Amino acid sequence: MNFQQIEDEALHLSKEERAQLVQKLVLSLESPSEEELKADWLLEARRRAEELDNGSVQAVSADEVMRKARALIK
């Protein structure tokens, strides 16, 4: 299917369906690529590791995190 066919089909959708399609298309332009996400997570992991290494933050055990999370939802 070429661009013109897609456009023709899209214009035959209801107003609500076209609005949903527009939203999905815009979000697809704004979303980072998989490579960008991987790079962002790698930078975040390095930043957190550096904070642990230099002592500016203290590690919290998974048990402690879960205890606090459970307390919050009670």
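This one's a predicted model, so the numbers in the text were calculated from it and none came from an experiment.

Glancing now at the confidence of the model for the protein chain. Predicted confidence across the protein chain gives a mean pLDDT of 94, with 100% of residues reaching 70 or more. Of all the helices and strands in the protein chain, helix α2 (residues 15–30) carries the lowest mean pLDDT, 93, while helix α3 (residues 34–54) carries the highest, 96.

Before going further, it helps to spend a moment on α3. Helix length check: α3, at 21 residues, gives a terminal C-alpha distance of 30 Å against a target of 30 Å (1.5 Å per residue), a fit within 8%. Count one or two residues on from α3 and you reach glycine 55, which has phi positive near 80 degrees.

Applying the stated rule across the entire model yields 6 salt bridges. Between lysine 68 and glutamate 64 there is a salt bridge; the shortest N-O distance is 3.9 Å. You can see lysine 68 and its partner glutamate 64 sitting in helix α4 (residues 62–73), 4 residues apart, about one turn around the helix. Connected through shared salt-bridge partners, Glu44, Arg47, Arg48 and Glu51 make up one network.

Rules used throughout
Residues numbered from 1 in each chain as written. Predicted model: local features only at pLDDT ≥ 70, side-chain atom pairs only at ≥ 80, totals over all residues. Heavy atoms only, no water. pLDDT = per-residue confidence, 0-100. Helix = DSSP H or I, 4+ residues; strand = E, 2+ residues; numbered from the N terminus. Expected span 1.5 Å × (residues − 1). Salt bridge = Lys/Arg side-chain N within 4 Å of Asp/Glu carboxyl O.

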